[in-house]
Amino acid sequence: MRIAVFPGSFDPVTKGHEDLIYRASKMFDKVIVGVLVNSNKNSFLKAEDKKRILELALEDLPEVEVKVFDGLLVDFLRENNSKIIIRGLRSMLDLEYEMPLDYGNKVLDPQIETVYLLTKPEYSHISSSAVKELMKYNADISSYVSEKVLNALNELK
Ligand code: PNS
């Protein structure tokens, strides 16, 4: 069974993430979405809310499971019998950010491979940071997050 891990902060999950996870689910037998708990970034959502919202957003994908993790990504992969990380790339800036992570993970476990999926052009301007910024000013975020996520975020207000 080919198991891939799609890690991230998901603060919150965006339409871009959902599309990437959907595409990854067609490439692997199972995709585990790994929600990092102790990100250095100031988190807007609690890990349990991120997990619940992701599960809601991905409920139609039976081959996808959402788990919360703390610590090193390579350890999370090992615990889940996976050697494959999936990441999305919106731009060269993302690639700059991803390269040291990839090298770092390979130093820790040389057997790990990261598969990069290019974000669809219509989602390339979307980021969780933009969603948070827009929410701060009560702006419309319906083009950034799916309806299920929008409703769940509104319920948290
Ligand atoms: O959604 P993000 O914030 O871009 O995701 C970043 C993430 C979670 C993939 C990255 O920060 C990570 O893997 N963190 C876990 C800690 C770790 O393994 N760090 C070593 C990297 S060399």
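Just above sits the structure.
Our subject in this report is the structure included herewith. As the structure is a prediction and not an experimental result, all values here were calculated from the model. (Residues numbered from 1 in each chain as written. Predicted model: local features only at pLDDT ≥ 70, side-chain atom pairs only at ≥ 80, totals over all residues. Heavy atoms only, no water.)

1. A word on the overall build of the chain
Per the secondary structure count, the chain includes six helices and five strands. Sequence-ordered secondary structure for the chain, helices as α and strands as β, is β-α-β-α-β-α-β-α-β-α-α. Taking 157 residues into account, the globule formula puts the C-alpha radius of gyration at 15 Å, and the chain, at 15 Å, falls close to it. Dimensions of the chain along its principal axes, counting C-alpha atoms only, are 45 × 30 × 30 Å. Relative to its full complement of 157 residues, the chain shows a buried share of 47%. Of all intrachain contacts in the chain linking residues separated by at least 6 positions in sequence, the fraction that spans at least 24 positions is 76%. For the chain, the exposed area adds up to about 8800 Å²; of that, 53% sits on carbon and sulfur atoms. One way to put it: in the chain the 21 positive side-chain charges average out to a point 1 Å from where the 25 negative ones average out. (Helix = DSSP H or I, 4+ residues; strand = E, 2+ residues; numbered from the N terminus. Rg over C-alpha atoms; globule rule 2.2 N^0.38 Å. Buried < 20%, exposed > 50% of the residue type's maximum accessible area, 1.4 Å probe, protein only. Contact = heavy atoms within 4.5 Å. Areas by Shrake-Rupley, 256 points an atom, 1.4 Å probe, with all protein chains shown as cover. Lys, Arg positive; Asp, Glu negative; His and termini not counted. Charge placed at Lys NZ, Arg CZ, Asp CG, Glu CD.)

2. What to know about the pairing of strand E2 (residues 30–36)
Within E2, five of the seven residues are buried, which leaves it mostly tucked inside the rest of the structure. Taken together, the six bridges between strand E1 (residues 3–8) and E2 define a ladder with parallel strand orientation. The residue of E2 that forms the bridge with glycine 8 is valine 35. Read as a crossover between parallel neighbours, the route from E1 over helix H1 (residues 15–25) to E2 is right-handed. (Pairing = 2+ DSSP bridges. Right-handed = clockwise from strand over helix to strand, strands pointing away.)

3. Examining the environment of valine 31
Secondary-structure assignment places valine 31 in strand E2. With relative accessibility at 0%, the residue valine 31 sits in the buried group. Between the C-alpha atom of valine 31 and that of leucine 61, which follows or precedes it by 30 residues, the distance is 9.6 Å.

4. Let's talk about the pattern of salt bridges
Following the criterion strictly, the structure yields 15 salt bridges and no others. Between glutamate 59 and lysine 148 there is a salt bridge, and its shortest N-O distance comes to 2.8 Å. Of this pair, glutamate 59 sits in the loop between helix H2 (47–57) and strand E3 (64–69) while lysine 148 sits in helix H6 (residues 147–156), and the two are 89 residues apart along the sequence. On the basis of relative accessible area, glutamate 59 is assigned to the partly exposed category, the value being 48%. Each of Asp19, Arg23 and Lys120 takes part in one network of salt bridges that share partners. (Salt bridge = Lys/Arg side-chain N within 4 Å of Asp/Glu carboxyl O.)

5. A short note on the side chain of serine 146
Looking at where serine 146 falls in the secondary structure, it is placed in the loop between helix H5 (128–136) and H6. In this structure serine 146 touches Lys15 and Glu18, once residues within four positions along its chain are discounted.

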